[in-house]
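Structural description and commentary
Next come the chains, spelled out residue by residue.
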Amino acid sequence: MLSAFGLTELEETVYLELVRGRAGTATELAQRVAVTVAEAEQALDALARAGLVRLVAGRAGAAPPDLAIESLLNQRMRELQEARVGLSEWLREQRAADPMDQGVQLVVGVPAIMQAFDQFLRGAQDEVLGFDRPPYAAVLHDNPTEVELLDRGVRFRVVYDRHGLERPGAAAHIGRFVAAGEQARVATNVPAKLAVADRRVALLSFPTQDQSVEPWALVVRGVTWVEVLVALFTEVCGTGPRRCGSPPPRP
C-alpha cells in the first residue's frame, strides 16, 4: 500500500504495527514483526526521516496517519518534480553532446524516405518550410499528415517548381493543400527537395534521372546546418514576383 511512497515492505510493516498497536523500542518491534533488532532500527530510522514516526527516549510512536501520509505524498511529489527537471536537463545535455543530433543522417530507398518524411512532419509544432520539384519517386497522394497539422495550426510554406505543375493532376492536388491553409508559391528551377520543421531539423533530397540509382535523402540537424537551408529557402522564395510567382491555381 505504501510502496508507492517509496517505503520498503519492512518499513510499511513496522509503521502499520505502530499505527495498530502501541509505541515501542526497536527491540520490542523486532519481536512484534519477527525481524532482527538491526533491521527494526534501520526501518525506524527511515520512517523517522520520512516523518511517519517520532522517536522519544528510544521509543517509536506512529505519527497520525492522515497528516503523515499527506506530508509523505507532498514530499514524494517534490522529489518526482525534481527528478523530472533533472531528467530534462540531462536529455538536453545528451542531445547537445550527440554528434548525430548536430549533423547528417542518410536515408536510402523510397519506403524509408516516405517513413522519415511522415515522422519528420509529425514532429513539427509551429512551421514547415518546403521545396517541391520533379522527378518524383511516388505517385500523387493526399498527405493526410499535412492536412492534420494544418488543422492544428502548423504553418506550411511551400515553393513548387514550375515544371512540377506539368504533372497530371498536380494543380488540383496542390490546390487541396492551399484550400486547407498551405501558403504555396511557384518558382523556376527549385534547387532540391527540402522540408524544414520549426527551423531545427530538415529533410533534404536531390533529384536524379538515373532509374538505376536508389533514391536517397539526408536528415539534417543542428542550428548551423539548418540555418543555411532556411537561408536557401528565403533566397529562392523571396518576397516578390522576381523569385516566386503566383500560387498554384485552386482546383
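Anything mentioned here points back to the structure above.
Summarised in this report is the structure supplied together with it. Keep in mind that what you see is a predicted model, and the values were worked out from it rather than measured.

**Overview of the side chain of Thr145**
- Looking at the secondary structure, you find Thr145 in helix H6 (residues 144–152).
- Among the residues examined, Thr145 registers a relative accessible area of 3% and is labelled buried.
- Apart from residues lying up to four places away in sequence, Thr145 is in contact with Asp118, Leu121 and Arg122.

**With respect to the pairing of strand E8 (residues 201–205)**
- Among the five residues that make up E8, five are buried, leaving the element largely enclosed by the rest of the structure.
- Judged by which residues are buried, E8 turns out to be covered on both faces: Val201, Leu203 and Ser205 on one side and Ala202 and Leu204 on the other are all buried.
- When strand E7 (residues 193–197) meets E8, the two strands line up antiparallel, connected through five bridges. Within E8, the position partnered with Ala195 by the bridge is Leu203.
- Hairpin connection, E7 to E8: the antiparallel pair is bridged by three residues, and Asp198 has positive phi, about 55°.

**Some words on the environment of Val190**
- With respect to the element layout, Val190 can be found in the loop between strand E6 (183–187) and E7.
- Counting along the chain gives 27 residues from Val190 to His163, while the straight-line C-alpha distance between them is 9.4 Å.
- In this structure, Val190 is in contact with Phe131, Asp132, Arg133, Val159, Tyr160 and Asp161, ignoring residues within four places of it in sequence.

**Quick look at a nonpolar patch on the surface**
- Where nonpolar side chains cluster on the molecular surface, the patch consists of Leu106, Val108, Phe206, Val213 and Trp216 and spans about 430 Å² of accessible area.
- On the basis of relative accessible area, Trp216 is assigned to the partly exposed category, the value being 34%.

**Focus: helix H5 (residues 110–122)**
- Helix length check: H5, at 13 residues, gives a terminal C-alpha distance of 18 Å against a target of 18 Å (1.5 Å per residue), a fit within 8%.
- Looking only at H5, the buried set comprises Ile113, Ala116, Phe120 and Leu121. The arc that holds every buried residue of H5, seen down its axis, measures 130°, which confines them to one face. Exposed side chains of H5 directed beyond 90 degrees from the buried face belong to Pro111 and Gln119.

**Re the sheet that holds strand E5 (residues 155–161)**
- Read from one edge to the other, the open sheet built from seven strands follows the order E3-E9-E8-E7-E4-E5-E6, with strand pairing classed as mixed. Looking at which strands have only one partner, the edges of the open sheet turn out to be strand E3 (104–108) and E6. Each strand of the sheet is rotated relative to its neighbour by a mean of 15°, with strand direction disregarded.

**Some thoughts on the pattern of salt bridges**
- Counting across every chain of the model gives six salt bridges.
- Between Arg122 and Glu148 there is a salt bridge, with its nearest N and O atoms 3.6 Å apart. Remark: Glu148 occurs in helix H6 and Arg122 occurs in helix H5; sequence separation between them is 26 residues.
- Overall, the relative accessible area of 35% leaves Glu148 in the partly exposed class.
- Here Glu127 ties to Arg157 by a salt bridge, and the two come within 3.7 Å at their closest N and O atoms. Of this pair, Glu127 sits in strand E4 (residues 127–132) while Arg157 sits in strand E5, and the two are 30 residues apart along the sequence.
- Accessibility expressed as a relative area gives 9% for Glu127, which makes it buried.
- Through salt bridges that share partners, Asp118, Arg122, Glu148 and Arg152 make up one connected network.

Basis of the calculations
Residues numbered from 1 in each chain as written. Predicted model: local features only at pLDDT ≥ 70, side-chain atom pairs only at ≥ 80, totals over all residues. Heavy atoms only, no water. Helix = DSSP H or I, 4+ residues; strand = E, 2+ residues; numbered from the N terminus. Buried < 20%, exposed > 50% of the residue type's maximum accessible area, 1.4 Å probe, protein only. Contact = heavy atoms within 4.5 Å. Pairing = 2+ DSSP bridges. Patch = residues over 30% accessible without salt bridge, like charges linked within 9 Å, V, L, I, M, F, W, Y side chains within 5 Å. Areas by Shrake-Rupley, 256 points an atom, 1.4 Å probe, with all protein chains shown as cover. Salt bridge = Lys/Arg side-chain N within 4 Å of Asp/Glu carboxyl O. Expected span 1.5 Å × (residues − 1). Arc of directions from axis to C-beta. Axes fitted to C-alpha atoms, helices over the stretch in contact; angles between N-to-C directions.

Read these as geometric descriptors, not functional statements.
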